[in-house]
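Next come the chains, spelled out residue by residue.
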Amino acid sequence: MDIQKIMVIGSGQMGAGIAQVCAQANFTVILHDLKEEFLNRGYQSIEKQLQKQLEKGRISRQEKDETLQRITTSLDLSNASSSDMVIEAVVEKMDVKTALFQELDRLANEQAILATNTSSLPITEIAAATKQPERVIGMHFMNPVPVMALVEIIRGLATADEVYEQTRDLAKRLKKVPVEVNDFPGFVSNRILMPMINEAIYTVYEGVASPEAIDEVMKLGMNHPMGPLALADFIGLDTCLLIMETLQAGFGDDKYRPCPLLRKYVKAGWLGRKTGRGFYSY
């Protein structure tokens, strides 16, 4: 199957970024969400990112305009029927994703690839919600999508070889670097990253050092471009907590136990950049 039209479900930070890179790679894109206000916010963020690229001389005015023209918005999930591929980028909760994939299994073209951008949840379990698990695959983009080159490609237990190959080739067409990863909680990226972030939070919780000091140690001592606590704020502390809970439940190992301070910040609504306060104020 030649992929020409892609539906992206979820117009938040990840979904908007995925829609943008697909449109910039000359694909026709349907950006879908539950409410008009979500779609407007997502579309505006794409316009803002493209304007930044224009101002930096990375794209022309014509390229910006043509990219935006390739994106249409949708409030009707049945629009999936005209898409060659669907990429889901909704909240990181298994019940939400399985319910969505049950609907996509019914509405999407039978030949369409159903991809999930989950950062930690089992692809096999998501695929089991469908009658065609062979066409379900994980396609985990990194944040921010327009900037980061890596895409983890994760097969479920039943994912067909052809689906994997087409997804890998699509990532290359998006000018990304696909890396094949097996279906374990957190895959590779978050299985390594999130425990490091969680341990950095423990060092704040135990009074070892301030957030600023911890981030300086990791930036200057380990050559990380961003400290783990600033990165946690960027990702969203609620997302970090969900991933740590997924790792702990998936492996049954308390080494993945979320730090109590992380839970406290999430309960307080201190989620990082998106709420204006996390380990830092914005």
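Residues numbered from 1 in each chain as written. Predicted model: local features only at pLDDT ≥ 70, side-chain atom pairs only at ≥ 80, totals over all residues. Heavy atoms only, no water.

## Brief notes about the layout of surface pockets
In this approach the atoms are scanned with a rolling probe the size of a water molecule, which exposes any empty space left behind. In this structure, the second largest pocket spans a volume of roughly 170 Å³. In terms of lining residues, the second largest pocket is bounded by Met 1, Glu 110, Gln 111, Ala 112, Ile 113, Gln 132, Glu 134, Arg 135, Ala 160, Glu 162, Val 163 and Gln 166. Counting residues per element, the lining of the second largest pocket draws most heavily on helix α6 (residues 161-173), which supplies three residues. In the lining of the second largest pocket, the residues fall into five nonpolar, three polar and four charged. (1 Å grid on protein atoms, 1.4 Å probe; cavity = no way out; pocket = protein on both sides within 12 Å on 5 of 7 lines; lining within 4 Å. Points joined across faces, edges and corners; volume = space filled by probe spheres on them. Helix = DSSP H or I, 4+ residues; strand = E, 2+ residues; numbered from the N terminus. Nonpolar A, V, L, I, M, F, W, Y, C, P; charged D, E, K, R; others polar.)

## Considering the side chain of Thr 167
Along the chain, Thr 167 turns up in helix α6. Exposure remark for Thr 167: the relative accessible area of 0% places this residue in the buried category. Residue contacts for Thr 167: discarding those within four places in its chain leaves Met 85, Ile 113, Ile 137, Met 139 and Ile 153. (Buried < 20%, exposed > 50% of the residue type's maximum accessible area, 1.4 Å probe, protein only. Contact = heavy atoms within 4.5 Å.)

## Digging into the packing of aromatic side chains
Inspection of the entire model under this criterion finds four aromatic pairs. Ring centres of Tyr 202 and Tyr 205 lie 6.2 Å apart, and the angle between their planes is 70°; on these two criteria the pair is classed as edge-to-face. Of the two residues, Tyr 202 and Tyr 205 are both situated in helix α7 (residues 189-205); the distance of three residues between them amounts to about one turn of the helix. Here Tyr 202 falls in the buried class, since its relative accessible area comes to 11%. An aromatic cluster of at least three residues, connected via ring pairs, comprises Tyr 265, Trp 270 and Phe 279. When the ring centre of Tyr 164 is taken as origin, the NZ or CZ atom of Arg 155, which lies over that ring, is 4.3 Å away. (Phe/Tyr/Trp six-rings, centres within 6.5 Å; stacked < 30°, edge-to-face > 60°. Lys NZ or Arg CZ within 6 Å of the ring centre and 35° of its normal.)

## Describing the environment of Val 217
Note that Val 217 resides in helix α8 (residues 211-222). Val 217 sits 17 residues away from Ala 200 along the chain, and the two C-alpha atoms are 11 Å apart.

## Quick word on unusual backbone geometry
Residue Pro 144 is bonded to the preceding Asn 143 through a cis peptide linkage, with omega at 0°. In this structure, Asn 26 takes a positive phi of about 75° despite not being glycine. With respect to the helices and strands, the residue Asn 26 is situated in the loop between α1 (13-24) and β2 (28-32). A positive phi is found at Asn 223, a non-glycine position, where the angle reads about 65°. In this fold, Asn 223 is placed in the loop between α8 and α9 (228-235).

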